[in-house]
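Descriptive structure summary
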Amino acid sequence: MSGKLQQLKQQVCSAIDQSKDKLHQLGTAIWRCPELAYEERQSHDILVRIFQNRFSLLPPRNSLENIWPAAKLNCRTPVLDYSVFNWQVTVLGTPAEEDGGGKIDLLREGAFEGLDVVLMAHPSQEDTTYIPDVAEHDVVVKYHGRASHASAYPWEGVNALDAAVMAYSSLSVLRQQLRPDWRIHGIIKHGGVKPNIIPDYTELEYYLRTPSHRDLATIRAKAEACFRAAAMATGCEVEVLFAKNEFYEILRNRTLEDLYEENGKALGMKFITDDSSGSTDFGNVTHSAPGIHPYFYIGSDALNHTEEYTAASGADEALFFTLRAAKALAMTAVDVLFSPSVLERVKQEFTEAKLNEERGLRNTPTKEDQVESSNTHTQ
């Protein structure tokens with residue numbers, strides 16, 4: 001079967017190469033119409049039109065996901081008689097990856113039910129099979145005070161900015177008592193209108209992160225105590241609004257990681273191990289089905305979430321690296337689809353990882369898995 005697998009992998013890679021121009025058009029079209037979370041209407045229409053009219057995907061149990069447009073799993077040319085196989089490959093586009101957590105909404109609605117394996121890849125500054133993306137929860141805090149002239153009669157005012165500053169300072173002090181791998185970081189989004197007016201409204205936004213989603217309740221309680229104490233001290237009213245969705249940490253599947261790395265190396269990828277972290281709604285998906293969330297190099301050393309990286313992601317050079325990641329995903333899919341023993345190992349590891357997570361064992365890489373890195377991934 002190994003010889004046949006290699007032949008299949010070559011054919012799916014050839015199919016991706018044959019669709020290079022169409023995939024480039026797809027990625028460029030979406031890159032040129034950036035849209036905010038839950039408002040990806042043009043992107044949705046582009047994807048639907050492209051996949052309905054141009055691509056014939058591997059047909060009907062295992063399902064594969066990759067939401068990055070040009071890295072879509074694509075197999076336009078049939079590679080064998082599929083009638084003897086009982087599986088299905090699905091390309092699932094998902095909105096609001098980082099602001100809101102679209103995949104979590106889809107999980108709640110059953111979009112991932114019945115999937116055996118889920119794959120996606122995320123652009124980055126390097127190729128790596130795993131980054132310890134952690135659990136995260138957003139919170140918006142609103143302080144309501146009473147406006148007054150800051151010079152003529154300040155005693156009539158209730159200063160909402162004082163509350164925001166006090167909360168910010170309290171959280172900064174709180175960090176000394178947090179576990180080393182917990183994170184609290186935020187901004188003051190609204191701090192007032194004019195210096196001579198006591199601010200009657202301020203707003204903060206914070207991200208709370210822990211390696212395990214099971215610790216989010218604890219860090220939430222500590223942060224909320226700071227928010228409410230500031231309101232009490234200043235006489236303000238306060239709204240503490242936690243986001244609907246919690247982001248879970250990535251639940252690792254080393255069997256899938258190893259397959260992806262092996263296939264990537266065959267394509268010329270040079271993998272590193274990175275212990276920086278951010279958060280992704282794909283973490284929740286990995287708690288419902290075995291999956292991987294590798295990061296891939298796009299030809300630039302620019303950091304994610306910068307103007308430089310935005311430009312690099314739309315450059316022609318990025319196409320080669322993006323299609324290479326698509327090939328590595330597709331080759332990994334071939335390993336799973338046509339090797340029942342591989343799928344069995346993947347599922348067994350997932351079951352064991354879930355049991356360990358439920359027992360409170362950390363899902364973190366060993367020291368041997370880590371090397372020093374100066375790169376950072378943030379949400």
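Residues numbered from 1 in each chain as written. Predicted model: local features only at pLDDT ≥ 70, side-chain atom pairs only at ≥ 80, totals over all residues. Heavy atoms only, no water.

What about the pattern of salt bridges?
For side chains of opposite charge, pairing can occur when their charged atoms come near one another. Put simply, the rule reads: Should a side-chain nitrogen of Lys or Arg be within 4 Å of a carboxyl oxygen of Asp or Glu, the pair is scored as a salt bridge. Only DSSP runs of H or I reaching four residues or more are called helices, and only runs of E reaching two or more are called strands; each is numbered from the N terminus. Working definition: with a 1.4 Å probe on protein chains only, accessible area under 20% of the residue-type maximum means buried, over 50% means exposed, and in between means partly exposed.
Using the criterion set out here, one finds 14 salt bridges in the structure. Here aspartate 281 makes a salt bridge to lysine 103, at a shortest N to O gap of 3.0 Å. Taken together, the residues span a long stretch of sequence, with aspartate 281 in the loop between α7 (254–266) and α8 (282–286) and lysine 103 in helix α4 (residues 102–108) at a distance of 178 residues. We classify aspartate 281 as buried; its relative accessible area is 0%. Between glutamate 224 and arginine 228 there is a salt bridge, and its shortest N-O distance comes to 2.8 Å. With glutamate 224 and arginine 228 both in helix α6 (residues 216–234), this residue pair falls 4 residues apart, about one helical turn. In this structure arginine 228 comes out as partly exposed when scored by relative accessible area, which is 38%.

Comments concerning the packing of aromatic side chains
Quick note on the threshold: In this scheme Phe, Tyr and Trp rings, the latter by its six-membered ring, pair at centre separations within 6.5 Å, and the angle between planes marks the pair as stacked below 30 degrees, edge-to-face above 60, and tilted otherwise. Distance and angle both matter: a charge sits over a ring if NZ of Lys or CZ of Arg is within 6 Å of the ring centre and within 35 degrees of the ring normal.
Tallying each qualifying case throughout the model produces 5 aromatic pairs. Residues phenylalanine 320 and phenylalanine 321 carry aromatic rings whose centres are separated by 5.1 Å and whose planes lie at 80° to one another, so their mutual orientation is edge-to-face. Take phenylalanine 321: its relative accessible area is 13%, and that puts it in the buried class. Three or more aromatic residues joined by ring pairs form one cluster here, namely Tyr168, Tyr206 and Phe227. Stacked on the ring of phenylalanine 242, the Lys or Arg arginine 220 has its end atom at 6.0 Å from the ring centre. Residue placement shows arginine 252 over the ring face of tyrosine 130; its charged tip is 3.8 Å from the ring centre.

Observations concerning unusual backbone geometry
Residues other than glycine predominantly adopt negative phi, and peptide bonds predominantly adopt the trans conformation. In the Ramachandran plot, alanine 96 falls in the positive-phi region, its phi being about 50° despite a non-glycine side chain. Within the fold, alanine 96 resides in the loop between α3 (41–53) and α4. You will see that histidine 305, though not glycine, has its phi angle at about 65°, which is positive. Structurally, histidine 305 can be placed in the loop between β8 (295–297) and α9 (307–313).

A look at the packing of helix α5 (residues 160–174) against α6
Note the cut-off: Axis definition: a line fitted to C-alpha atoms, over the contacting stretch in the case of helices. Angles run 0 to 180 degrees between N-to-C directions. Handedness of a crossing follows from how the near helix is turned relative to the far one, being left-handed for an anticlockwise turn of less than a right angle and right-handed for a clockwise one. Whether two residues are in contact is decided by their heavy atoms, any of which lying within 4.5 Å being enough. All amino acids are sorted into three groups, where Ala, Val, Leu, Ile, Met, Phe, Trp, Tyr, Cys and Pro are nonpolar, Asp, Glu, Lys and Arg are charged, and the leftover types, Gly among them, are polar.
Two elements in contact, α5 and α6, have axes whose closest approach is 8 Å; the angle formed by their N-to-C orientations is 145°. Between α5 and α6 lies a crossing whose hand is right-handed. Contact residues: α5 offers Asp162, Ala163, Met166, Ala167, Ser170, Leu171 and Leu174, while α6 offers Lys222, Ala223, Cys226, Phe227, Ala230, Ala233 and Thr234. Residue composition of the contact of α5 with α6, by class: 10 nonpolar, 2 polar and 2 charged.

Some points on α7
Put simply, the rule reads: Multiply 1.5 Å by the residue count of a helix minus one, and that product is the helix's expected span.
In this model, α7 (13 residues) spans 18 Å end to end at C-alpha, consistent with the 18 Å of a helix rising 1.5 Å per residue. The complete set of buried residues in α7 reads Thr255, Leu256, Glu257, Leu259, Tyr260, Asn263 and Gly264. On the buried face of α7, the contacting elements are α1 (2–18), β1 (118–119), β7 (291–292), β8, α10 (316–337) and α11 (340–358). Of the residues one or two after α7, glycine 268 is the one with positive phi, at around 100°.

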